[in-house]
Amino acid sequence: MRMRMTWLVLPQIRRHSTATSTSTSTSTRILGATFPTDAATNLSASVLERIPRRLHKVPNHPIAIIKERIEDYFVKTNQNYKIVDSLSPAVSTTQNFDQLLFDKDHSSRSPSDTYYVNKDTVLRTHTSAHQSEVLAGKQSNVGYLLTADVYRRDEIDLSHYPVFHQMEGIRIFDRKALLSESSADTFAPLPKGAKITDPTGLSNPETNPLQVAHAQKDSELVALHLKRALEGLVWHLFGSDKNLEIRWIEAYFPFTSPSWEMEVMYQGKWLELLGCGVIQQKILDDSGNPDKIGWAFGLGLERIAMVMFGIPDIRLFWSQDSRFLSQFENHTTKQITFQPYSKYPACYKDVSFWCPDGFHDNDMFEVVRDMAGDLAEDVALIDTFKNPKTGRTSKCFRINYRSMDRTLSNEDVDIIQDKVREEVARRCGVELRG
Ligand code: FA5
Ligand code: MG
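Scoring rules and cut-offs
Residues numbered from 1 in each chain as written. Chains lettered and ligands numbered in written order. Predicted model: local features only at pLDDT ≥ 70, side-chain atom pairs only at ≥ 80, totals over all residues. Heavy atoms only, no water. UniProt positions renumbered as here; feature names shortened; annotations may be inferred. Pairing = 2+ DSSP bridges. Helix = DSSP H or I, 4+ residues; strand = E, 2+ residues; numbered from the N terminus. Domains from an automatic or database assignment. Contact = heavy atoms within 4.5 Å. Buried area = accessible area lost by both parts, 1.4 Å probe. Salt bridge = Lys/Arg side-chain N within 4 Å of Asp/Glu carboxyl O. Polar contact = N/O pair within 3.5 Å; in protein donor to acceptor, adjacent residues only side chain to side chain. Nonpolar A, V, L, I, M, F, W, Y, C, P; charged D, E, K, R; others polar. Axes fitted to C-alpha atoms, helices over the stretch in contact; angles between N-to-C directions. Near = heavy atom within 4 Å. Expected span 1.5 Å × (residues − 1). Buried < 20%, exposed > 50% of the residue type's maximum accessible area, 1.4 Å probe, protein only. Parallel < 35°, antiparallel > 145°, perpendicular 65-115°, else oblique. Left-handed = near helix turned anticlockwise from the far one by under 90°. Core = buried A, V, L, I, M, F, W, Y, C linked by side-chain atoms within 4.5 Å.

The protein carries the name Phenylalanine--tRNA ligase, mitochondrial in an unreviewed UniProt entry, which gives Rhizoclosmatium globosum as its organism. UniProt annotates the protein under Function (unreviewed entry) with the comment "Is responsible for the charging of tRNA(Phe) with phenylalanine in mitochondrial translation." What the UniProt record of the protein gives under Sequence similarities (unreviewed entry) is the line "Belongs to the class-II aminoacyl-tRNA synthetase family."

Engineer: Would you mind showing me how to read the pairing of strand E16 (residues 376–386) here?
Structural biologist: The side chains of a regular strand alternate, residue by residue, between the two faces of the sheet. Sheet topology note: the E16/strand E17 (residues 393–401) ladder contains nine bridges and is antiparallel. If you follow Ala380 over to E17, its bridge partner there is Arg398. Hairpin connection between E16 and E17: a loop of six residues separates the two successive antiparallel strands, and Gly391 in this loop has a positive phi of roughly 75°.

Engineer: Looking at this structure, how should I read the domain arrangement of the protein?
Structural biologist: The figure often quoted for interface size is the accessible area lost as the parts come together. For the protein, the assigned domains are domain 1 (29–326) and domain 2 (347–433). When each unit is reduced to the centre of its C-alpha atoms, the spacing between domain 1 and domain 2 is 32 Å. At the junction of the two partners, domain 1 supplies 23 residues and domain 2 supplies 17 residues. Counting the surface lost from both domain 1 and domain 2, the interface buries some 1,600 Å², and carbon and sulfur atoms represent 47% of this. Area buried by domain 1 at its contact with domain 2 is led by Arg153, Ile156 and Arg315, which between them contribute 47% of it. For the pair domain 1 and domain 2, the number of links is four salt bridges. Between Glu366 and Arg153 there is a salt bridge; the shortest N-O distance is 3.4 Å. Between the two partners, domain 1 and domain 2, sit 14 residue pairs in polar contact (both at pLDDT 80 or more). A class-by-class count of the residues in the side of domain 1 that touches domain 2 yields eight nonpolar, five polar and 10 charged.

Engineer: Explain the sheet that holds strand E6 (residues 116–118) to me, please; I cannot follow it from the model alone.
Structural biologist: What links the strands of a sheet is backbone hydrogen bonding, and the strands pair in either a parallel or an antiparallel sense. Taking strand neighbours across the sheet as the criterion, the three strands line up as E5-E7-E6 in an open arrangement whose pairing is antiparallel. Bordering the open sheet on either side are strand E5 (90–92) and E6, each of which pairs with just one other strand. Averaged over all adjacent pairs, the angle separating strand axes in this sheet is 35°, with direction ignored. Where E5 and strand E7 (residues 121–123) come together, three bridges link them in antiparallel fashion. Residue pairing across strands places Ala90 opposite Leu123, the latter belonging to E7.

Engineer: What is the right way to look at the site of ligand 1 in this model?
Structural biologist: Surrounding ligand 1, one finds 23 residues, the nearest of these being His126, Ser128, Arg152, Glu272 and Leu273. A distance of 3.0 Å separates an oxygen atom of ligand 1 from a polar atom in the side chain of Arg152. In the environment of ligand 1, an oxygen atom lies 3.3 Å from a nitrogen or oxygen atom belonging to the backbone of Gly300. The biggest single contributor to the shell around ligand 1 is strand E13 (residues 269–279), with five residues.

Engineer: What is the right way to look at helix H10 (residues 361–372) in this model?
Structural biologist: Counting along an α-helix, one turn takes 3.6 residues, and residues three or four places apart therefore face a common direction. Between its terminal C-alpha atoms H10 stretches 16 Å, which fits the 16 Å expected from 12 residues at 1.5 Å a residue. Those residues of H10 lying buried are Asp361, Asn362, Asp363, Met364, Phe365, Glu366, Val367, Val368, Arg369, Asp370, Met371 and Ala372. Among the structural elements, helix H1 (45–48), strand E15 (347–355), E16, E17 and helix H11 (410–428) are those in contact with the buried residues of H10. Following H10 by one or two positions, Gly373 adopts a phi angle in the positive range, close to 55°.

Engineer: I keep staring at the packing of H10 against H11 and nothing clicks. Help me out?
Structural biologist: Any two packed helices are characterised by how steeply their axes cross, that is the angle between the axes, and by the distance between the axes. Relative orientation of the contacting elements H10 and H11 amounts to 135°, with a least axis distance of 9 Å. On the basis of the axis angle, H10 is oblique to H11. Two packed elements cross with a definite hand, and for H10 against H11 that hand is right-handed. On the side of H10, the interface is formed by Asp363, Met364, Glu366, Val367, Val368, Asp370, Met371 and Ala372, while H11 contributes Ile416, Lys419, Val420, Glu423, Val424, Arg427 and Cys428. Looking at the contact of H10 with H11 residue by residue, the classes come out as nine nonpolar, no polar and six charged.

Engineer: Would you mind showing me how to read the nonpolar core here?
Structural biologist: Proteins that are soluble and globular tend to have nonpolar side chains buried together. Counting 69 residues, the largest nonpolar core has Ile70, Phe74 and Leu230 as its most contacted members. In contact with Leu230, other than residues within four places in its own chain, are Phe74, Trp248, Met262, Leu274, Cys276 and Phe297. Counting 25 residues, the second largest nonpolar core, distinct from the first, contains Ile156, Phe353, Met371 and Val420.

Written out as structure tokens, the structure reads:
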């Protein structure tokens, strides 16, 4: 694991107004549970504030609408899916990584990518973190649909936010009755002329292998069922769009093999909607299901909502402005296209500094999130320069400030920009230039 502790977070965490997620210097409360903090803690105020929001459970919120539409589709194919949507985001590193067979030095364990509550606990980085625990619950379900908020330290732009929502779907079959169980699900036929490109097949010995534990015909049957289920889902969601184009590409996840991603053509570019694959048999064995075989997928709900409703900016999902929320009230009776209520002017400011060893761009992005909140629309690295004599690296970031509900004055932005400069120097130990 890359150990990079450029700043210890606790001094930055302010006391929050939200009663359910607060921090003091020795502990953090997350949805009513108390966790000790330690040297690994790297939570930020702006992220803690989001935890109680649970957008997937807010009536008529676009994230909740998509969740319900996906659940409706799968329950139509088989009514025995279990619905799970209330699990806490604080999970152990064992759940988030080890049980899913991530290597000990996998990059996603790095504190530059993941929010650590303490050295043993993280904010889940994906809904897959709950696979082992839900699979170990001995219900007679055929699978489950699990929706949750997930957390990643990431870049800042119109389609990336440090908190987003995923839905995980799992379908398991009795290995001895695979053929009959898999053919029991009822998928609606795809429309004629559906544009689906799939050069990936059902496995590839070099690039997308079968598991040693699986007979080829069993793995192929599961993979076919998976692809058919997800293609049907996309047509259920977007079927009214006659020009919709989707494609399959090969992928890699430590917890599935073979694995794929599905992409959709959106505004002239391929946009990744989901990852999926045949569940690693060890995960089923370890969770008390050695007699089962199955598939899993994880999809991004914001991505689907952006395509479906034409929502141009991922920050809008967090808006409490009725001009946003009221647009989705009639979703059951009419097709909704989001009408932007305004686009206020942007204001660019640059900041350049000499980086200390171990500096990561995500550290800068987080300072901007904490100081500017949702007024930061985009942060771009516009210049990197290495001084050949000293070996030191200088970086220049351009911050694009824009409010979603008012015009920002240059003075407003200067105040925030000064705070960003001060804080990036203090937390990250950079040396400001200019
Ligand atoms: C995963 O998170 C895997 N757990 C998915 C999976 C589940 C694979 C089960 C196999 C079996 P990935 O990091 O690619 O994979 O994220 C899955 C989806 O979440 C993406 O396809 C995308 O739709 C969405 N997503 C990922 N990062 C972001 C982000 N920063 N903002 C919004 N959506 C995102
Ligand atoms: Mg991916």
